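# What the coordinates show
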Amino acid sequence: MAKIFQNINYKYDILLAKDGGYLKELNKTVERDGEITFLTAQDTAGISTYNRSVLFLFLKSLYQTAGHENINNVRVHFSVRKGLLLEIDAKVEVDQALLDQVKAHMMEIVELHLPIVKRGMHTRAAMEIFASHGMHDKEKLFSFRRSSSVNVYRLEDFEDYFYGYMVPDSGYLKYFDLCMYEKYVILQLPDQSNPEKIPEFMPQPKVYSTLLRSVSWRKMLGVNTVGDLNTAVAEGRILDLILVQEALQEKWLADIAEEISQRPEVKFVMIAGPSSSGKTTTSRRLGVQLKAHGLRPHPISVDNYFVEREKTPVNEKGEYNFECLEALDLELFNQNMCDLLEGKEVEIPTYNFVTGKREYNGNFLKMGPEDILVIEGIHALNDAMSSQLPKESKFKIYLSALTQLNIDEHNRIPTTDGRLIRRMVRDARTRGTSAQHTIRMWASVRSGEESNIFPYQEDADVVFDSSLIYELAVLKAYAEPLLFQIPPESPEGAEARRLLKFFDYFLTVGSENIPINSILREFVGGSCFDV
């Protein structure tokens, strides 16, 4: 059926089908009457399917080119610039010459249109297969699996397990590239907005360094995958894990505060990050550390500098666009900040989101030698927002939940999933918002982040990772009931089922031992801060 519609309605290859609210691989048959829609790489589920399938193709080609006996382990660490960063432990040299051979082999398989076959097998049999292949992360993961069966994908003689769907055959996988970045391999993948083009790989040294810090923490704690986390829970080691993870993060904030304290010209700490990064808690915790270094921090929310509602720009749908830079009164913000920098007393406004008006409620501020402003807002890293402030007076922090545990060595957890789950739990608790609504709005939220936040990551003085190695096991108990409320046939039903299946991998961890100043408290409740 997909072939019939391909040339009529779709510019890019159809990769998945949607039968009602259920996603289907293209080799499935329709078992009932209903509305069938198709997804390409311009759809979120479609690009995920494509990228997952290319990774499968890469792994097969790598093992076949280098020799299975020469590959000890391949680990997908994180996403970088629309690609994946992989660490390959091998007995042969991993260099660009090897990657060129692997790429050539991948292209040969693409030309052959080899089928990608899914087959179910007993969980115990799958564990034995992956143990024999040296894929011990999968063996450990399946040891906690409640279901007696598991689906395994095969491409010729190569088998692997993947969380998610695959394309029908290798002929779909035409767009990818491979390059070295330091000692790591970058599997370059297409952008959802242009699925037939591979973006140029542009290194992000600051983000990259922060990601590697988190990887080193995972290795130190001995928790690289969900299977490792489940083992820690089962063996009663989770409390120690929570305390050490929180201590590592607190020390990092203390180090940042010390760096700021050693730069007396800094008067503005600018913090920005995407949705559900834990900006409010992080700014409060940083404030505590700044006080410990003899400074007097004052939180400032950029949201208080919104223009009057009737002056707010609108988007192409005629809706207010609160995320664009023009939604802020930049002239007032810069005037207030410059006045404070000069030692003048300023009354800081408060924005009334109900009336859409700016109010003045006697919040006066005057800065002395030890005073410093901690400014949080979507555009805080963009110099266009603070154009009148001297560069040396600003210290910029990019904050995001950048890493999560991998499910296993080949299945990473997208950082956007972790943030979506955080937001779902927080919005339900603080705003009474349904998970269905949060999922429905998520694409729009992500679009704003792509335009207003991500381009400025590398402009930051510090990139801070707010993710916690144990958090998804805690969020599970809060998120699952919300996801079960989403109607299966609704547009959000497929995403709800995907996340519910995802949570099946985790043993549940209670929230009673989470410190009251933890970033996670911003989402599950019980924080000592006003969040």
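Here we summarise the structure given alongside this text. (Residues numbered from 1 in each chain as written. Predicted model: local features only at pLDDT ≥ 70, side-chain atom pairs only at ≥ 80, totals over all residues. Heavy atoms only, no water.)

## Observations regarding the overall build of the protein
Selection rule: Numbered from the N terminus, helices here are DSSP runs of H or I no shorter than four residues, and strands are runs of E no shorter than two. For every residue, the accessible area obtained with a 1.4 Å probe (protein chains only) is divided by the maximum for its type, and the residue is called buried under 20%, exposed over 50%, and partly exposed between those limits. Contacts were defined at the residue level, with two residues in contact if any of their heavy atoms lie within 4.5 Å. Per-residue accessibility takes into account occlusion by the displayed protein chains alone, with areas from the Shrake-Rupley method and a 1.4 Å probe. Residues counted as positive are Lys and Arg, residues counted as negative are Asp and Glu, and His and the chain ends are not counted. A single reference atom marks each charge: NZ on Lys, CZ on Arg, CG on Asp, CD on Glu.
When helices and strands are counted, the protein shows 15 helices and 19 strands. Counting only C-alpha atoms, the protein reaches 75 × 50 × 45 Å along its principal axes. Burial status across the protein gives 55% buried among its 531 residues. Look at the contacts in the protein between residues 6 or more apart in sequence, and 73% of them connect residues 24 or more apart. Counting only carbon and sulfur atoms, one obtains 49% of the accessible surface of the protein, whose full area is about 23,100 Å². Where the 61 positive side-chain charges of the protein centre and where its 75 negative ones centre are 3 Å apart.

## What about unusual backbone geometry?
Positive phi values are uncommon outside glycine, yet Glu182 reaches one of about 55°. Residue placement: Glu182 occurs in the loop between β9 (177-181) and β10 (184-188). Relative accessible area serves as the criterion here: at 58%, Glu182 is assigned to the exposed category.

## Considering helix α10 (residues 330-341)
The criterion, for reference: In a helix, the anticipated span is given by 1.5 Å times the number of residues less one.
Taking 1.5 Å per residue, 12 residues should reach 16 Å; α10 reaches 16 Å between its end C-alpha atoms and fits that length. Within α10, burial applies to Leu332, Phe333, Asn334, Asn336, Met337, Cys338, Asp339 and Leu340. Check the buried side of α10 and you find it contacts β11 (268-272), β13 (346-347), β15 (357-359), β16 (364-365) and β17 (371-376).

## Describing the nonpolar core
Test applied: As used in this record, nonpolar core signifies buried Ala, Val, Leu, Ile, Met, Phe, Trp, Tyr and Cys residues forming a set joined through side-chain atoms within 4.5 Å.
If you look at the biggest cluster of nonpolar residues, it comprises 120 residues, and the most contacted ones within it are Phe58, Ile256, Tyr470, Phe502 and Phe506. When residues of this core are assigned to their parent elements, the largest contribution, 11 residues, is made by helix α2 (residues 44-66). In this structure Phe506 touches Val226, Leu229, Asn230, Ile413, Leu472, Ala473 and Lys476, once residues within four positions along its chain are discounted. The next biggest cluster of nonpolar side chains, apart from the first, holds 45 residues, and it includes Ile300, Tyr305, Cys324 and Ala380.

## Brief notes about the sheet that holds strand β7 (residues 149-155)
Under the convention used in this document: Here, strands pair whenever DSSP counts at least two bridges between them. Axis lines are fitted through C-alpha atoms, for helices just across the contact stretch, and the angle between N-to-C directions can take any value from 0 to 180 degrees.
The strand order β6-β7-β8 describes an open sheet built from 3 strands, whose pairing is antiparallel. Each edge of the sheet is formed by a strand with only one pairing partner; in this case those strands are β6 (116-122) and β8 (158-160). Across the sheet, the mean angle separating the axes of adjacent strands is 35° when strand polarity is ignored. As defined by bridge partners, β7 adjoins β8 across 3 bridges and the pair is classed as antiparallel. Bridge pairing in β8 places Arg154 opposite Glu159. Taken strand by strand, α2 contacts β6, β7 and β8, and its axis lies near 135° from that of β8. In the packing of helix α4 (residues 123-132) onto the sheet, contacts are made with β6, β7 and β8, and the angle to β6 comes to roughly 115°.

## Remarks on the packing of aromatic side chains
Let me state the cut-off plainly: To pair, rings of Phe, Tyr and Trp, with the six-membered ring standing in for Trp, must have centres within 6.5 Å; the planes then decide the type, stacked if under 30 degrees apart, edge-to-face if over 60, and tilted in the middle. The rule for a charge over a ring is simple: NZ of Lys or CZ of Arg within 6 Å of the ring centre, and within 35 degrees of the ring normal.
Inspection of the entire model under this criterion finds 22 aromatic pairs. Ring geometry for Tyr181 against Tyr208: centres 4.6 Å apart, planes inclined by 65°, an arrangement best described as edge-to-face. With Tyr181 in strand β9 and Tyr208 in helix α6 (residues 205-221), this pair connects stretches of sequence that are 27 residues apart. Each residue in the set Tyr163, Phe502, Phe503, Tyr505 and Phe506 is aromatic and connected to the rest through ring pairs, giving one cluster. Arg213 extends its terminal NZ or CZ atom over the ring of Trp252, reaching a point 4.0 Å from the ring centre.

## Things to note about the side chain of His105
Mapped onto the elements, His105 comes out in helix α3 (residues 96-112). Ignoring anything within four residues of it in the chain, the contact list for His105 reads Ser61, Gln64 and Thr65.

## With respect to the sheet that holds β9
Here we have 4 strands laid out as an open sheet, ordered β4-β5-β10-β9, and antiparallel in their pairing. The open sheet has two free edges, formed respectively by β4 (71-80) and β9, since each of these has just one partner strand. If you compare each strand with its neighbour and ignore which way they point, the axes differ by 30° on average. One ladder, built from 5 bridges, connects β9 with β10; its direction is antiparallel. Bridging from a neighbouring strand, Leu178 pairs with Leu187 of β10.

## Re the pattern of salt bridges
Applicable threshold: We define a salt bridge as a side-chain nitrogen of Lys or Arg found within 4 Å of a carboxyl oxygen belonging to Asp or Glu.
Counted by the stated rule, this structure contains 39 salt bridges. Note that Asp191 is salt-bridged to Lys82, the shortest N-O span being 4.0 Å. Of this pair, Asp191 sits in the loop between β10 and α6 while Lys82 is found in the loop between β4 and β5 (83-90), placing the two residues 109 residues apart along the sequence. On the accessibility criterion, Lys82 (35% relative accessible area) is partly exposed. Put simply, Glu310 and Lys357 hold a salt bridge, and the shortest N to O gap is 3.2 Å.

## Remarks on a nonpolar patch on the surface
Keep this limit in mind: Each patch is built from salt-bridge-free residues with over 30% relative accessible area, joining like charges within 9 Å and nonpolar side chains (Val, Leu, Ile, Met, Phe, Trp, Tyr) within 5 Å.
On the surface, a nonpolar cluster with roughly 280 Å² of combined accessible area is contributed by Val314, Tyr320 and Phe322. With respect to the helices and strands, the residue Val314 is situated in the loop between β12 (296-301) and α10.

## Comments concerning the packing of α6 against helix α8 (residues 238-261)
Where we set the bar: For classification purposes, an angle smaller than 35 degrees is called roughly parallel, one larger than 145 roughly antiparallel, one from 65 to 115 roughly perpendicular, and anything else oblique. Helix crossings are classified by the rotation of the near helix relative to the far one: an anticlockwise turn of less than a right angle makes the crossing left-handed, while a clockwise turn makes it right-handed. Three residue categories are used. Nonpolar comprises Ala, Val, Leu, Ile, Met, Phe, Trp, Tyr, Cys and Pro, charged comprises Asp, Glu, Lys and Arg, and polar comprises the others, including Gly.
In the contact formed by α6 and α8, the axes pass within 11 Å of each other and the chain directions differ by 150°. As judged from the angle between their axes, α6 and α8 are roughly antiparallel. Note on packing geometry: the crossing formed by α6 with α8 is right-handed. Where α6 abuts α8, its residues Thr210, Arg213, Trp217, Met220 and Leu221 lie against Leu241, Val244, Gln245, Leu248, Gln249 and Trp252. Class assignment for the residues of the contact of α6 with α8 results in 7 nonpolar, 3 polar and 1 charged.

## Thoughts on α6
The end-to-end C-alpha distance of α6, which contains 17 residues, comes to 24 Å, matching closely the 24 Å that a straight helix rising 1.5 Å per residue would cover. Among the residues of α6, those classed as buried are Val207, Tyr208, Thr210, Leu211, Ser214, Val215, Trp217, Arg218 and Leu221. The positive-phi residue at the C-terminal boundary of α6 is Gly222, with phi of around 70°.

## Section: the environment of Phe333
Along the chain, the position of Phe333 falls in helix α10. The buried category is assigned to Phe333, whose relative accessible area is 2%. Note: C-alpha distance between Phe333 and Pro455 (122 residues apart in sequence) is 22 Å.

## Section: the side chain of Thr282
Our working rule: Polar contact is the term for a pair of N or O atoms within 3.5 Å; when the atoms are in protein, one must be able to donate a hydrogen and the other to accept it, and sequence-neighboring residues count only if both atoms are side-chain atoms.
Within the secondary structure, Thr282 is located in helix α9 (residues 279-292). Polar contacts involving the side chain of Thr282 include one to the main-chain carbonyl oxygen of Gly278, which spans 2.7 Å. Other than its neighbours up to four places away in sequence, Thr282 contacts Leu253, Leu399, Phe464 and Ile519.

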